[in-house]
Amino acid sequence: ILTIIGGVFATFVPERLLSYDEIDIVCKGEGEDALTELCERLDNGKNIYNIPNLWFSKNGKVISNPTKMVDMDKNPLIDMSLFEEARFYRPMGGKVYRMFPVETHRGCPYKCAFCNSPSQVKLYKEEASSNFLRRKSFDNMKRELSFYKNEMGAEYLYFWADTFFSWKQGEFEEFCELYSEINLPFWCQTRPETVNLERFKKLKSIGCSR
């Protein structure tokens, strides 16, 4: 069985993982485009050994490929028919809700020594000349949020940005205006020094519950 591994550990020590016979391919960095391309090439019998973000072990040698960054706005809406109905329900605050995850940002501007984010930022700056910290466009966020609310019947949303307040000047206000139309309770996480009373009030007014 052709075996691929990804994630934080794989991203930073691909050679080490490829030293194990059980592993054929390592995904270094983001995997959406790489995994799709791999599947399409395997399906069509094409060469797989030059796909960006993928490293291979072949005949005892490591084949490395360039690191590229995903365009978050090109990611499609998830085909929810792939999942069992029970997968949509999660506990929050002592109750169970029909709940969906929403990605607004990738990366984090802070330099915590215990976290992988600073290394991700460094990696993409050096190898892809890109800023790993970025966000989806507001048009894309609105499309996704509306889909979860209107098509999937969401009762609750959770934003899984590492630092929810990684907004540029004026972007938080723009997000609040957008989300006021969605009007669903939500959860988010951020760092204490990014918040103030006015931001808390604004968050509460648009539905932030935790």
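All of these numbers come straight from a predicted model, not from anything done at the bench. (Residues numbered from 1 in each chain as written. Predicted model: local features only at pLDDT ≥ 70, side-chain atom pairs only at ≥ 80, totals over all residues. Heavy atoms only, no water.)

1. Quick word on the pattern of salt bridges
Then, number 1: Throughout the structure, instances matching the rule amount to 13 salt bridges.
Then, number 2: Where Lys28 meets Glu127, a salt bridge forms, and the shortest distance between an N and an O atom there is 3.1 Å. Of the two residues, Lys28 sits in the loop between β2 (25-27) and α3 (32-44) while Glu127 sits in helix α4 (residues 117-128), which places them 99 residues apart along the sequence.
Then, number 3: Note on Lys28: relative accessible area 8%, which makes it buried.
Then, number 4: The closest approach of N and O atoms between Glu144 and Lys136, which form a salt bridge, is 2.5 Å. The same class applies to Glu144 as to Lys136, namely buried.
Then, number 5: Here the residues in one salt-bridge network are Glu30, Glu32, Glu103, Arg106 and Arg134, joined through shared partners. (Salt bridge = Lys/Arg side-chain N within 4 Å of Asp/Glu carboxyl O. Helix = DSSP H or I, 4+ residues; strand = E, 2+ residues; numbered from the N terminus. Buried < 20%, exposed > 50% of the residue type's maximum accessible area, 1.4 Å probe, protein only.)

2. Description of the sheet that holds β2
Then, number 1: Read from one edge of the open sheet, four strands run β1-β2-β3-β4, paired in mixed fashion. The open sheet has two edge strands with one neighbour each: β1 (4-5) and β4 (61-63).
Then, number 2: With three bridges joining them, β2 and strand β3 (residues 54-58) adopt antiparallel strand pairing. Across the sheet, residue Cys27 finds its bridge partner in β3, namely Leu54. (Pairing = 2+ DSSP bridges.)

3. A look at a nonpolar patch on the surface
Then, number 1: A cluster of nonpolar side chains, Ile78, Leu82 and Phe83, forms an exposed patch at the surface whose accessible area comes to about 310 Å².
Then, number 2: With respect to the helices and strands, Ile78 occurs in the loop between β4 and β5 (89-92). (Patch = residues over 30% accessible without salt bridge, like charges linked within 9 Å, V, L, I, M, F, W, Y side chains within 5 Å. Areas by Shrake-Rupley, 256 points an atom, 1.4 Å probe, with all protein chains shown as cover.)

4. Focus on the environment of Phe12
Then, number 1: The topology assignment puts Phe12 in helix α1 (residues 8-12).
Then, number 2: Sequence separation between Phe12 and Ser119 is 107 residues; the distance between their C-alpha atoms is 8.7 Å.
Then, number 3: Each residue touching Phe12, except ones within four places of it in the same chain, is listed here: Asn116, Ser119, Gln120 and Leu123. (Contact = heavy atoms within 4.5 Å.)

5. Here we look at the packing of helix α6 (residues 171-179) against helix α7 (residues 197-206)
Then, number 1: In contact at an axis separation of 9 Å, α6 and α7 are set at 20° when each is read in the N-to-C sense. Between α6 and α7, the angle falls in the class roughly parallel. As α6 packs across α7, the resulting crossing turns out to be left-handed. Mapping the contact onto sequence places Phe172, Phe175, Cys176 and Tyr179 in α6 and Arg199, Lys202, Leu203 and Ile206 in α7.
Then, number 2: A per-class count over the contact of α6 with α7 returns six nonpolar, no polar and two charged. (Axes fitted to C-alpha atoms, helices over the stretch in contact; angles between N-to-C directions. Parallel < 35°, antiparallel > 145°, perpendicular 65-115°, else oblique. Left-handed = near helix turned anticlockwise from the far one by under 90°. Nonpolar A, V, L, I, M, F, W, Y, C, P; charged D, E, K, R; others polar.)

6. Let's talk about the packing of aromatic side chains
Then, number 1: In total, this model carries 19 aromatic pairs according to the counting rule given.
Then, number 2: Each ring, one from Tyr49 and one from Phe56, has its centre 4.9 Å from the other, and the planes form 65°; the classification is edge-to-face.
Then, number 3: When its relative accessible area of 27% is taken as the criterion, Tyr49 is described as partly exposed.
Then, number 4: On the numbers, 5.1 Å between centres and 10° between planes, the contact of Phe100 with Tyr148 is stacked. (Phe/Tyr/Trp six-rings, centres within 6.5 Å; stacked < 30°, edge-to-face > 60°.)

7. Examining the environment of Asp33
Then, number 1: Structurally, Asp33 is set in helix α3.
Then, number 2: When the C-alpha atoms of Asp33 and Phe159 are compared, they prove to be 22 Å apart, with 126 residues separating the residues in sequence.

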